[in-house]
Amino acid sequence: VQAHRLCPPRRAGSSLEPEERSMEPPAVPEEEEEEEEAVPLSVAPSPVGCQLFGYVGIEAVLDQMKIKTMKTGFEFNIMVVGQSGLGKSTMVNTLFKSKVSRKSSQPGQEERIPKTVQLQSITHVIEEKGVKMKLTVTDTPGFGDQINNENCWDPIIKYINEQYERYLREEILITRKRKIPDTRVHGCVYFVPPTGHWLRPLDLEFMRRLSKIVNVVPVIAKADTLTLEERAEFKQRIQEDLKTHAISVYPQEDFDQDPEDRALNDRIREKIPFAVVGADQEHQVNGKRVLGRKTKWGIIEVENPAHCEFPLLRDLLIRSHLQDLKDITHNVHYESYRVRRLNESNRPG
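Residues numbered from 1 in each chain as written. Predicted model: local features only at pLDDT ≥ 70, side-chain atom pairs only at ≥ 80, totals over all residues. Heavy atoms only, no water.

Colleague: Can you walk me through the overall build of the chain in this structure?
Modeller: Counting its regular elements, the chain contains 10 helices and nine strands. Counting across all 349 residues of the chain, residues that qualify as buried make up 37%. In the chain, once contacts between residues fewer than 6 apart in sequence are set aside, the share between residues at least 24 apart is 67%. Accessible surface, the chain as shown: approximately 23100 Å² in total, 52% of it carbon and sulfur. (Helix = DSSP H or I, 4+ residues; strand = E, 2+ residues; numbered from the N terminus. Buried < 20%, exposed > 50% of the residue type's maximum accessible area, 1.4 Å probe, protein only. Contact = heavy atoms within 4.5 Å. Areas by Shrake-Rupley, 256 points an atom, 1.4 Å probe, with all protein chains shown as cover.)

Colleague: Before we go on, may I ask you to explain the pairing of strand β9 (residues 298-301) in this structure?
Modeller: Consecutive side chains along a regular strand alternate between the two faces of the sheet. Pairing analysis gives four bridges linking strand β8 (residues 288-295) to β9, with the strands arranged antiparallel. Bridging from a neighbouring strand, R293 pairs with I300 of β9. Between β8 and β9, which pair antiparallel in sequence order, lie two residues. (Pairing = 2+ DSSP bridges.)

Colleague: What am I meant to see in a negative patch on the surface here?
Modeller: The grouping of D258, E260, D261, D324 and D327 at the surface amounts to a negative patch. At the level of secondary structure, the elements contributing two or more residues to the negative patch comprise α8 (259-271) and α10 (322-346). Given a relative accessible area of 31%, D258 falls into the partly exposed group. (Patch = residues over 30% accessible without salt bridge, like charges linked within 9 Å, V, L, I, M, F, W, Y side chains within 5 Å. Salt bridge = Lys/Arg side-chain N within 4 Å of Asp/Glu carboxyl O. Lys, Arg positive; Asp, Glu negative; His and termini not counted. Charge placed at Lys NZ, Arg CZ, Asp CG, Glu CD.)

Colleague: For this particular structure, what's the right way to read the packing of aromatic side chains?
Modeller: Enumeration according to the criterion identifies six aromatic pairs in this entry. Centroid distance F143 to F206: 5.1 Å. Interplanar angle 65°. Geometry classified as edge-to-face. Remark: F206 occurs in helix α6 (residues 201-210) and F143 occurs in the loop between β3 (131-139) and α5 (154-171); sequence separation between them is 63 residues. For F143, a relative accessible area of 1% gives the class buried. Using a relative accessible area of 0% as the deciding quantity, one classes F206 as buried. Arranged with centres 5.1 Å apart and planes meeting at 80°, the rings of Y167 and Y334 form a pair that is edge-to-face. Taken together, the residues span a long stretch of sequence, with Y167 in helix α5 and Y334 in helix α10 at a distance of 167 residues. For the pair formed by Y167 and Y334, the shared burial category is buried. Taken together, the ring pairs in this structure connect Y164, Y167, Y334 and Y337 into an aromatic cluster. Directly above the aromatic system of Y167 lies the positively charged group of R184, at a separation of 3.7 Å from the ring centroid. Lying over the aromatic face of Y334, R184 brings its terminal NZ or CZ to 4.9 Å of the ring centre. (Phe/Tyr/Trp six-rings, centres within 6.5 Å; stacked < 30°, edge-to-face > 60°. Lys NZ or Arg CZ within 6 Å of the ring centre and 35° of its normal.)

Next up, the structure:
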């Protein structure tokens, strides 16, 4: 009896209960029982944040992740696709400010246009401020260089699916590696010739097929051959072509998760395709060494936003969306391939 006096009475709809209860419940009239059953029990919402009274050290998790990443490094695989002479190798060298392209790794050899599309991959380990990155650059010599370019995208699609298949085989093993080697293509930079007109049927068909299995980023190659008016008009026509043919290039609008990401990606989508200029030689401008292309009327500075949109492409691929490229590759493109392959293997017969 004394315990019942010390405990507060229970309110209807409350989740709190007294620590000690009598063996027999108190008699409640039938009408009151019906009223209590009609009122749903309210569940106390979980607190969003909790005030700490002192330093715990939760923020040290970020330092642990940084130290672990710096020790193990990470992988990034990029593919460049386009006709010969559009500056694909130069653009890759400009992106990473080092000789990482296919052409620069084979000095003294005459480059010949292959009769069919041949994929060539080169892997380098580059390091910046203690962070190591295993970079794999895949080039596609021979793409679009023939008179008959029918199905010239088949070797590229086959190569991308082979990397998914290799990762899947390692993943389904009973005793698999702690870190599966990742050779999947995280981003495909497609070089559009600076014609100033509409996209060619080859460009449309390639991006339509490849955008379903990989992140495609279209760029206007050698944009210094176009005037500012021609560049703006050409970019608008490309955006209209992509919208008309329902081609979803990176960053895809369907994968924006929060309003901040959507606002940032909307600004990027307005600029796509980026009008870029590549250069791997430095020149003296106002007492500073800058990457650029030297002409009779001056130097085109590659990293100057007033001259071209190369800084936007570099920020998208490396500084702001590199991890997002890898996440979409794993969670969307690879996941759809994995589901399709497992469904095929589970079919009877």
